[in-house]
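Here are the chains, one letter per residue:
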Amino acid sequence: MTPLEDAQAFVLESCPPREAVTLPREQAGGLVLADVVVSTEIVPPFDNTAVDGYAVRSVDVATVPVELTVVGEIAAGAAPDRPVGEGEAIRIMTGAPMPPGADAVVMVEYSERLGTDGGETGEPKRSGVERVRLSESVSEGTAIRRAGDDVVVGEELFFAGTQITPAIEGVLASVNAQQVSVYPRLRVAVLSTGDELISDGSPLAPGQIRESNKTMLAGMLAEAGCEVVDLGVVRDDEAELERVLRAAATDCDAIVSSGGVSMGDYDVVKAVLGRIADMTWMQMSIKPAKPFAFGKLDGVPVFGLPGNPVSSMVSFELMARPALRRMMGHTQLARPSVVAIADHELRRNPDGKVHFMRVNGQFADDGRFHITPVNAQGSHQLAATASADAMAVVPDGNGVEVGGEVAVLLLR
Ligand code: AMP
Ligand code: MG
């Protein structure tokens, strides 16, 4: 049996990052940067007010309350048309540029609009001089957002290997980065093999079962950020399988297939891939997902996952997902791992394998991640596994006692 680490190292080595491409920013969400992003613009582009209020000279509001003459108004998007002089204020809205002369902003909450005679409140008269009473003393710089205090020109914003999140997309837009250098999204073909599989909703004849793996794997691929090419269920027919695989290798960056890789299989997948691709057939020292095949068909990586649904899922998690992430430029390939506390025992027997037991868990008040195994651990029992949110990595032996520590991979 091949140790998991050896199998993983072999597969990762064979799946280097794809060549970088330059894409419009709108098409790059979720992809990984292949180059550092350096800002060519300054953000904010000018000093502006962080609040609605009155732009003033701070010396004029050193003693409050104080009455000032309102000499103008600046909305966001407008440009100041005059400075603020001694005894003056300009009404200003959040985001509007600071007028020259002013060095602080008093929030509108601390203001009272006065009539033209300076005595009564209410709407200012059209013809008269407008006055405002301010009741907050502000120091120089109050409520001003300085030009460049978010981003300056030449700043290295994001480094290669960073996945473009929605917030990063927002920053790229804010500095007018129209194009980015990224690793391209992978186009991945997925197929199931097996004469017993029914996927069209028709009644099951004796011996037939409903297909589940291709459906699951397509979703897992999409979740991993791949473009999915669904090749459906392929019969255990050599000519048909060869045709489908060859077409996939010309059209896609990777192929994920389920079924037909275990020891006792009726040998269609093995026969075809063994003949047309450069494959390595493995028995890994793990449970579930012991059988696994990896190779290249016309240079395109092929992941041969086992057919048992839980094995298929675990195999994708441990073997295919990290390799596909590497091809897409990620540097963090595996799921995050924490040391968890077993709230229920994780029982197993010694068999020379590492067991990946599906568990549910959460962080508790003690700051530790506490886990309980899902109630069925069979490799055909996808229903129980489907609700798991982590996998415990249980080393060879008799398992983990209640209260014992065990490493887990967090799946969500
Ligand atoms: P195989 O790896 O092809 O020998 O299949 C192992 C077991 O998984 C058998 O019980 C198959 O019927 C079942 N199986 C294979 N492929 C699928 C699939 N796509 N969906 C559900 N079960 C499957
Ligand atoms: Mg089969």
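Residues numbered from 1 in each chain as written. Chains lettered and ligands numbered in written order. Predicted model: local features only at pLDDT ≥ 70, side-chain atom pairs only at ≥ 80, totals over all residues. Heavy atoms only, no water.

Student: Give a description of the overall build of the protein chain that names residues and reports values.
Tutor: What the protein chain contains, in helices and strands, is seven helices and 29 strands. Radius of gyration (C-alpha) of the protein chain: 32 Å, far over the 22 Å computed for a compact globule of 412 residues. Across the 412 residues of the protein chain, 47% fall into the buried class. Counting contacts in the protein chain only where the partners sit at least 6 residues apart, residues at least 24 apart contribute 70% of the total. Of note, the protein chain has its 34 positive side-chain charges centred 4 Å away from the centre of its 57 negative side-chain charges. (Helix = DSSP H or I, 4+ residues; strand = E, 2+ residues; numbered from the N terminus. Rg over C-alpha atoms; globule rule 2.2 N^0.38 Å. Buried < 20%, exposed > 50% of the residue type's maximum accessible area, 1.4 Å probe, protein only. Contact = heavy atoms within 4.5 Å. Lys, Arg positive; Asp, Glu negative; His and termini not counted. Charge placed at Lys NZ, Arg CZ, Asp CG, Glu CD.)

Student: I'd like a rundown of the pattern of salt bridges, residues and numbers included.
Tutor: For the structure shown, the criterion picks out 23 salt bridges. Between Arg 146 and Asp 47 there is a salt bridge, with the nearest N and O atoms lying 2.9 Å from each other. Of this pair, Arg 146 sits in the loop between strand 11 (144-145) and strand 12 (156-158) while Asp 47 sits in the loop between strand 3 (37-38) and strand 4 (48-49), and the two are 99 residues apart along the sequence. Overall, the relative accessible area of 29% leaves Asp 47 in the partly exposed class. When the shortest N-O distance is used, the salt bridge between Arg 246 and Glu 242 registers 3.0 Å. Placement of both Arg 246 and Glu 242 in helix 4 (residues 238-251) is noted, with a separation of four residues, approximately one turn of the helix. (Salt bridge = Lys/Arg side-chain N within 4 Å of Asp/Glu carboxyl O.)

Student: For the pairing of strand 5 (residues 53-56), give the residues involved together with the corresponding values.
Tutor: As paired strands, strand 5 and strand 7 (residues 88-92) are joined by three bridges and run antiparallel to one another. The residue bridging Ala 55 from the neighbouring strand is Ile 90, located in strand 7. Pairing between strand 5 and strand 8 (residues 104-107): four bridges, direction antiparallel. Paired with Val 56 across the two strands is Ala 104, which belongs to strand 8. (Pairing = 2+ DSSP bridges.)

Student: Mind laying out the packing of helix 4 against helix 5 (residues 268-276), listing which residues take part and the relevant values?
Tutor: Viewed as axis vectors pointing N to C, helix 4 and helix 5 meet at an angle of 50°, and their least axial separation amounts to 10 Å. Looking at the two axes, helix 4 sits oblique to helix 5. The two elements helix 4 and helix 5 cross, and the hand of that crossing is right-handed. Two secondary-structure elements touch here, helix 4 through Glu 238, Leu 241, Glu 242, Leu 245 and Arg 246 and helix 5 through Val 268, Val 269, Ala 271, Val 272, Leu 273, Arg 275 and Ile 276. (Axes fitted to C-alpha atoms, helices over the stretch in contact; angles between N-to-C directions. Parallel < 35°, antiparallel > 145°, perpendicular 65-115°, else oblique. Left-handed = near helix turned anticlockwise from the far one by under 90°.)

Student: How would you summarise the side chain of Lys 214 if you had to cite specific residues and measurements?
Tutor: Position of Lys 214 among the secondary structure elements: in helix 3 (residues 213-223). Apart from residues lying up to four places away in sequence, Lys 214 is in contact with Val 190, Leu 191, Ser 192, Asp 230 and Gly 232.

Student: Tell me about the pairing of strand 18 (residues 254-258), and please be specific about residues and values.
Tutor: Judged by how many residues are buried, strand 18 sits mostly within the fold: five of five residues are covered. Residues of strand 18 alternate between two faces, with Ala 254, Val 256 and Ser 258 on one and Ile 255 and Ser 257 on the opposite face, all of them buried. Pairing geometry for strand 14 (residues 187-193) and strand 18, over five bridges, is parallel. Along strand 18, the bridge assignment pairs Val 188 with Ala 254. Of the pairings in the sheet, the one linking strand 18 to strand 22 (residues 300-305) comprises four bridges and is parallel in character.

Student: Which residues make up the packing of aromatic side chains, and what values do they have?
Tutor: Each pair of aromatic rings is reported with the distance of its centres and the angle of its planes. A full pass over the atoms with the stated rule returns three aromatic pairs. Judged by centre distance (5.2 Å) and plane angle (55°), the ring pair of Phe 294 and Phe 303 falls under tilted. Taken as a pair, Phe 294 and Phe 303 share a single burial class, namely buried. What links up through ring pairs into an aromatic cluster is the set Phe 10, Phe 294 and Phe 303. (Phe/Tyr/Trp six-rings, centres within 6.5 Å; stacked < 30°, edge-to-face > 60°.)

Student: Describe the environment of Phe 10, with residues and values.
Tutor: Tracing the sequence through the fold places Phe 10 in helix 1 (residues 4-13). Phe 10 gets classed as partly exposed once you look at its relative accessible area, which sits at 34%. It is 30 Å that separates the C-alpha atoms of Phe 10 and Asp 237, two residues lying 227 residues apart in sequence. Discounting chain neighbours no more than four positions away, the residues touching Phe 10 are Thr 280, Met 282 and Phe 294.

Student: Any details on the sheet that holds strand 5? Residues and values, ideally.
Tutor: Spatially, 8-5-7-6-10-9 is the arrangement adopted by the six strands of the open sheet, whose pairing is mixed. Each of the sheet's edge strands pairs with one partner strand only, and the pair in question is strand 8 and strand 9 (111-114). Between one strand axis and the next, the sheet turns through 40° on average, direction left out of account.

Student: Please give an account of unusual backbone geometry that cites residues and values.
Tutor: With an omega dihedral of -15°, the bond running from Val 43 to Pro 44 counts as a cis peptide bond. Mapped onto the secondary structure, Pro 44 falls in the loop between strand 3 and strand 4. Val 64 connects to Pro 65 through a cis peptide bond whose omega is -5°. Turning to its location among the elements, Pro 65 is positioned in the loop between strand 5 and strand 6 (66-74).

Student: Help me get a handle on the layout of surface pockets, residues and values and all.
Tutor: Taken as a whole, the largest pocket spans an internal volume of roughly 620 Å³. Taken together, 41 residues make up the lining of the largest pocket; nearest its centre are Gly 307, Asn 308, Pro 309, Ser 311 and Ser 379. For the lining of the largest pocket, the secondary structure elements donating two or more residues are strand 14, strand 16 (209-210), helix 5, strand 20 (286-287), helix 6 (309-327) and strand 25 (354-363). Residues of the lining of the largest pocket, tallied by class, amount to 13 nonpolar, 17 polar and 11 charged. Its volume calculated, the second largest pocket comes out at about 250 Å³. Of all elements in the fold, only helix 3, helix 6 and helix 7 (382-386) reach the threshold of two or more residues within the lining of the second largest pocket. (1 Å grid on protein atoms, 1.4 Å probe; cavity = no way out; pocket = protein on both sides within 12 Å on 5 of 7 lines; lining within 4 Å. Points joined across faces, edges and corners; volume = space filled by probe spheres on them. Nonpolar A, V, L, I, M, F, W, Y, C, P; charged D, E, K, R; others polar.)

Student: Which residues make up the nonpolar core, and what are the values?
Tutor: By size, the foremost hydrophobic cluster in this structure holds 39 residues, and its most contacted members are Phe 292, Phe 303, Leu 318 and Leu 324. Elements with a contribution of two residues or more to this core: helix 1, strand 14, helix 3, strand 18, strand 21 (291-297), strand 22 and helix 6. Considering every element that reaches this core, the biggest residue donor is helix 6, with 10 residues. Within the second largest apolar cluster, 23 residues are counted, among which are Val 229, Val 268, Val 272 and Val 302. (Core = buried A, V, L, I, M, F, W, Y, C linked by side-chain atoms within 4.5 Å.)

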